[in-house]
Amino acid sequence: MEKKEKLYEGKAKILYATGDPDMVIQYFKDDATAFNAKKKGTVEDKGIMNNAISSKIFEFLQANGVPTHLVKRLSDREMLVKKVEIVKVEVIIRNRAAGSLCRNYGVEEGRTLHHPILEFCYKEDKYNDPLMNDAHITALGIATEKELDKIKAITFKVNDLLKSFFLALNIELIDFKIEFGRYKGDIVLADEISPDTCRLWEVGTGVRLDKDRFRHDLGNIKEGYQEVLKRVTEK
Ligand SMILES: Nc1ncnc2c1ncn2[C@@H]1O[C@H](COP(=O)(O)OP(=O)(O)O)[C@@H](O)[C@H]1O
Ligand SMILES: [Mg+2]
């Protein structure tokens, strides 16, 4: 597939046009940001590892009936995906307390929850990705009620699938963020699923295998991604 002009450069990836107007190439960079880009850095080979991990996970989800944008992994850093119109909401599931849930609600990190929490945030860096509810989403026309129902159903299914996927690798899925897009009238899972977008704790030890190593300067950042990649590809 021919790589054409750059369409968008984000914090972690670049999108390129292709010869097919329905397809784009997602290029994974080594750039890392946290706290809405207030903290910036790079993690050597992160782009290569996230492309490989995300490809594996999307293949697994696709094989289990989740519609995704993945067409195929093209190279170390490139993935061919269906070009979608991104729904401007970040969809989060929390299985255990961490991150902003702890900061905003005074909950101790790692606390078990009575049930998973589904959260929506407006995907708009300039407003700091504020939390929003169903009414905001439908009233502001960000998605229709029907689309939102689909998004919720797919998200809970992704949580169930990924919890057992990671548990088989001795990893607990603490929380994750996903994005959806519209493609030919349908809602599909888009963007990436990687240690940048999930909190992954090793079962038993609680060792962090995700971007929190970068966020909180825990050291051995690259090694966390490498460990996830190793387990995901050996599966
Ligand atoms: N299949 C797709 N089609 C079009 N846009 C996509 C697709 N998958 C992801 N995107 C968008 O491309 C961008 C990926 O780059 P990223 O570095 O994550 O950007 P950002 O800084 O906006 O998070 C995101 O804005 C994401 O919403
Ligand atoms: Mg992003």
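Along each chain, the written sequence defines residue order, and numbers are assigned to residues from 1. Labels are handed out in written order, letters beginning with A for the chains and numbers beginning with 1 for the ligands. Reporting of local features is limited, given that this is a predicted model, to residues whose pLDDT is at least 70; pairs of side-chain atoms are given and counted only at 80 or more, and all residues count toward the totals for whole chains, interfaces and linings. As a rule here, side-chain values cover all heavy atoms of the structure and leave hydrogens and water aside.

K.L.:
How should the packing of helix α1 (residues 46-63) against helix α6 (residues 221-234) be read in this particular structure?
P.N.:
Helix packing geometry: the angle between the two helix axes and the distance between the axes. Simply put, an axis is a line fit to the C-alpha atoms, just over the touching stretch for a helix, and the angle between two N-to-C directions goes from 0 to 180 degrees. Helix and strand assignments follow DSSP, with helices taken as H or I runs no shorter than four residues and strands as E runs no shorter than two, numbered in order from the N terminus. Interaxial distance between α1 and α6 falls to 10 Å at its minimum, and their mutual angle equals 30°. Between α1 and α6, the angle is such that the two are roughly parallel. Like other packed secondary-structure pairs, α1 and α6 cross with a definite hand, here left-handed. Along its contact with α1, which presents Lys-46, Met-49, Asn-50, Ala-52, Ile-53 and Lys-56, the element α6 presents Lys-222, Tyr-225, Gln-226, Val-228, Leu-229, Val-232 and Thr-233. Taken together, the residues of the contact of α1 with α6 break down into seven nonpolar, three polar and three charged. In these notes the angle categories are as follows: under 35 degrees is roughly parallel, over 145 is roughly antiparallel, 65 to 115 is roughly perpendicular, and the rest is oblique. Should the near helix be turned counterclockwise from the far one by less than a right angle, the crossing is left-handed, whereas a clockwise turn marks it as right-handed. In this description, contact between two residues means that some pair of their heavy atoms is separated by no more than 4.5 Å. In this count, Pro and Cys sit with the nonpolar residues alongside Ala, Val, Leu, Ile, Met, Phe, Trp and Tyr, while Asp, Glu, Lys and Arg are called charged and the others, Gly among them, polar.

K.L.:
Please explain the site of ligand 1 as it appears in this structure.
P.N.:
If even one non-hydrogen atom of a residue comes within 4 Å of a molecule or strand, that residue is called near it. What surrounds ligand 1 is a group of 17 residues, the closest being Tyr-8, Ala-12, Lys-13, Lys-82 and Glu-179. Here a polar contact is recorded for every N or O atom pair within 3.5 Å, except that within protein the pair must consist of a potential hydrogen donor and a potential acceptor, and residues adjacent in sequence are included only if both atoms are side-chain atoms. Taking His-69, its side chain carries an N or O atom lying 2.8 Å from a nitrogen atom of ligand 1. Between ligand 1 and Glu-179, the relevant distance is 2.6 Å, taken from an oxygen atom to a side-chain nitrogen or oxygen of the residue. For accessible areas, the Shrake-Rupley method is used with a probe of radius 1.4 Å. Any residue's cover is judged against the shown protein chains and nothing else. For ligand 1, whose accessible area on its own is 540 Å², the fraction buried by protein is 91%. Residue assignment for the shell around ligand 1 shows that the elements contributing at least two residues are β2 (13-18) and β7 (78-82). Split into classes, the residues belonging to the shell around ligand 1 amount to seven nonpolar, three polar and seven charged.

K.L.:
I would appreciate a short explanation of the pattern of salt bridges in the present structure.
P.N.:
A side chain with one charge can pair with a side chain of the opposite charge if their charged atoms come near. What counts as a salt bridge is simple: a side-chain nitrogen of Lys or Arg found within 4 Å of a carboxyl oxygen of Asp or Glu. As enumerated under the stated definition, the model contains 32 salt bridges in all. Measuring nitrogen to oxygen at the nearest pair gives 3.2 Å for the salt bridge that ties Glu-44 to Lys-222. Of the two residues, Glu-44 sits in the loop between β5 (39-42) and α1 while Lys-222 sits in helix α6, which places them 178 residues apart along the sequence. Residues Asp-45 and Lys-222 are paired through a salt bridge, measuring 3.5 Å at the closest nitrogen-oxygen approach. Remark: Lys-222 occurs in helix α6 and Asp-45 occurs in the loop between β5 and α1; sequence separation between them is 177 residues. Shared partners join several salt bridges into a network, and the residues in it are Lys-13, Lys-123, Lys-177, Glu-179, Asp-191 and Glu-192.

K.L.:
What is the right way to look at the packing of aromatic side chains in this model?
P.N.:
By convention, a stacked pair of Phe, Tyr or Trp rings (six-membered ring in the case of Trp) has centres within 6.5 Å and planes under 30 degrees apart, an edge-to-face pair has planes over 60 apart, and any other such pair is tilted. In total, this model carries three aromatic pairs according to the counting rule given. For the ring pair Phe-60 and Phe-165, a centre distance of 4.7 Å and an interplane angle of 40° mean the geometry is tilted. Of this pair, Phe-60 sits in helix α1 while Phe-165 sits in helix α4 (residues 145-167); the two residues are 105 residues apart in sequence, bridging distant segments of the chain. You can call Phe-60 partly exposed: its relative accessible area is 22%. Considering the side-chain rings of Phe-165 and Phe-166, the 5.2 Å spacing of their centres and the 90° angle between planes classify their relative orientation as edge-to-face. You'll find Phe-165 and Phe-166 in the same group, each marked buried. Aromatic ring contacts, followed pair by pair, group Phe-60, Phe-165 and Phe-166 into a single cluster. Under the scheme applied here, a residue whose accessible area is under 20% of the maximum for its type counts as buried, over 50% as exposed, and between as partly exposed, the area being computed with a 1.4 Å probe on protein chains only.

K.L.:
Would you mind showing me how to read the domain arrangement of the protein chain here?
P.N.:
Interface size, as often reported, equals the accessible area lost upon joining of the parts. Domain segmentation is taken from an automatic or database assignment of domains. Annotation of the protein chain at the domain level lists domain 1 (3-82) and domain 2 (85-220). Taking the mean C-alpha position of each, domain 1 and domain 2 sit 17 Å from one another. Residue-level contacts link 31 residues of domain 1 with 27 residues of domain 2. A simple way to read buried area is as the amount of 1.4 Å-probe accessible surface that goes missing from two parts once joined, with both sides added. Taken over both partners, the interface formed by domain 1 and domain 2 buries close to 2500 Å², and the fraction arising from carbon and sulfur atoms is 62%. The interface formed by domain 1 and domain 2 holds six salt bridges in total. When the shortest N-O distance is used, the salt bridge between Lys-39 and Asp-217 registers 2.8 Å. For the pair domain 1 and domain 2, the interface holds 18 residue pairs in polar contact (both at pLDDT 80 or more). Counting residues per element, the ones that place at least two in the side of domain 1 that touches domain 2 are β3 (23-28), β4 (31-34), β5 and α1. Sorting elements by how many residues they give to the side of domain 1 that touches domain 2 places α1 first, with eight residues.

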